[in-house]
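Read off the chains here:
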Amino acid sequence: MMLAVDIGNTNIVLGVYRKRELLHHFRLSTARQSTVDEYGVLIHNLFQMSGISVKDVEGVIISSVVPPLVKTIVDMCIKYIGKDPLLVGPGIKTGLNLRYENPREIGADRIVNAVAAIEQYKCPLVVVDFGTATTFDCIDAGANYLGGAIVPGLGISTEALYQRASKLPRIELEKPKKVIGRNTVHAMQAGIIFGYAGQVEGIVKRIKIEMNAPELKVISTGGLASLIAGETDCIDEVNPMLTLEGLRIIYDRNQ
């Protein structure tokens, strides 16, 4: 078996694969202050509850956008799983043709998503990842990674509204019944959810024009993908496991 680990700013997502089959997946809160042993206990408990033996894990691959946590998770893998993990970064074989000014600036999660999307879908396409930040990654008809756009995520936008407007409350990210809110909470939810859907539509429209690709396929992933995908026609498919699949593909390419 193989363990794939995606370290994000909000969540750490883990997937356990047997060859191409995803057997189990888990989502943890990203805790920058947690120690090697604390993460080790979490992994041990998750594996035990799922009937997974650490001894069956033959390899680990990690992608991360949280540099301070990389050493912690690497050391945890060595201590508790007995494997020195493969890290997505410079020098790793991805098979991705990057047309970016400085490829080292591209987040590991964006590279992993692009690899998975090219493998699973027909190009050209754009991957919209609804995470702490929402990223738009564009791949042309020749499967070249062109770049994209980055905007504040839904959670960041909601929290900023609460923190900067004294009389507005902290709210849950839920779809309201109507766009015209009859109370403050519904009004905020309407503005955030429907406004964000409009933002996604606007960016995707501009990408299609700029790439001269009206047939461009739009794939969404990330924890909040389903919430926004239900409010717009511009997203063709939601694939919540896209990042884990990309990690599996990159792991296989480096064996």
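Residues numbered from 1 in each chain as written. Predicted model: local features only at pLDDT ≥ 70, side-chain atom pairs only at ≥ 80, totals over all residues. Heavy atoms only, no water.

Section: the layout of surface pockets
And then number 1: The calculated volume of the largest pocket comes to roughly 710 Å³.
And then number 2: In terms of lining residues, the largest pocket is bounded by 33 residues, among which Gly-8, Asp-129, Phe-130, Gly-131 and Thr-132 are the most central.
And then number 3: Elements supplying a minimum of two residues to the lining of the largest pocket: β1 (2-7), β2 (11-18), β3 (21-29), α3 (108-120), β7 (125-130), β8 (133-139), α4 (154-164) and α7 (242-253).
And then number 4: Grouping the constituent residues of the lining of the largest pocket by class yields 13 nonpolar, 14 polar and six charged.
And then number 5: One number sums up the size of the second largest pocket: a volume of about 260 Å³.
And then number 6: Broken down by class, the residue content of the lining of the second largest pocket amounts to nine nonpolar, five polar and one charged. (1 Å grid on protein atoms, 1.4 Å probe; cavity = no way out; pocket = protein on both sides within 12 Å on 5 of 7 lines; lining within 4 Å. Points joined across faces, edges and corners; volume = space filled by probe spheres on them. Helix = DSSP H or I, 4+ residues; strand = E, 2+ residues; numbered from the N terminus. Nonpolar A, V, L, I, M, F, W, Y, C, P; charged D, E, K, R; others polar.)

As for the sheet that holds strand β9 (residues 144-152)
And then number 1: The sheet built from six strands is open, its strands ordered β6-β9-β8-β7-β10-β11 with mixed pairing. A strand with exactly one partner marks an edge of an open sheet, and here the two such strands are β6 (97-98) and β11 (237-238).
And then number 2: As defined by bridge partners, β8 adjoins β9 across seven bridges and the pair is classed as antiparallel. Bridge pairing in β9 links Thr-135 to Ile-150. (Pairing = 2+ DSSP bridges.)

Observations concerning the UniProt feature "binding site: substrate" (unreviewed entry) in the chain
And then number 1: Within this structure's numbering, the places UniProt gives as "binding site: substrate" (unreviewed entry) are Tyr-100, Gly-107, Ala-108, Asp-109, Arg-110 and Thr-184. Considering the C-alpha atoms alone, the annotated residues occupy 85 residues of sequence and remain spread out, their largest mutual distance being 42.9 Å. Among the residues just listed, Gly-107, Asp-109 and Arg-110 line the largest pocket.
And then number 2: Positionally, Arg-110 belongs in helix α3.
And then number 3: By relative accessible area, Arg-110 is classed as buried at 4%.
And then number 4: Look past the residues within four positions of Arg-110 in its chain and what remains in contact with it is Tyr-100, Thr-135, Phe-136, Asp-137, Tyr-145, Gly-147, Gly-148, Ala-149 and Ile-150.
And then number 5: Inspection of the secondary structure assignment puts Thr-184 in helix α5 (residues 184-210).
And then number 6: Thr-184 gets classed as partly exposed once you look at its relative accessible area, which sits at 43%.
And then number 7: In contact with Thr-184, not counting residues within four places along its chain, are Leu-168 and Pro-169. (UniProt positions renumbered as here; feature names shortened; annotations may be inferred. Buried < 20%, exposed > 50% of the residue type's maximum accessible area, 1.4 Å probe, protein only. Contact = heavy atoms within 4.5 Å.)

Some remarks on the nonpolar core
And then number 1: The biggest cluster of nonpolar side chains holds 29 residues, and the ones touching the most others in it are Ala-4, Ile-61, Val-88, Leu-125 and Leu-247.
And then number 2: If sequence neighbours within four positions are ignored, Leu-125 has contacts with Ala-117, Asp-137, Cys-138, Ile-139, Leu-216 and Lys-217.
And then number 3: Among the nonpolar cores identified, the runner-up in size contains 27 residues, and Val-126, Leu-154, Ile-203 and Met-211 belong to it. (Core = buried A, V, L, I, M, F, W, Y, C linked by side-chain atoms within 4.5 Å.)

Examining the UniProt feature "active site" (unreviewed entry) in the chain
And then number 1: Those residues carrying the UniProt feature "active site" (unreviewed entry) are Asp-109 in this numbering.
And then number 2: Assignment of secondary structure puts Asp-109 in helix α3.
And then number 3: A relative accessible area of 16% means that Asp-109 is categorised as buried.
And then number 4: Dropping the residues within four chain positions of it, Asp-109 is found in contact with Asp-6, Val-65 and Asp-129.

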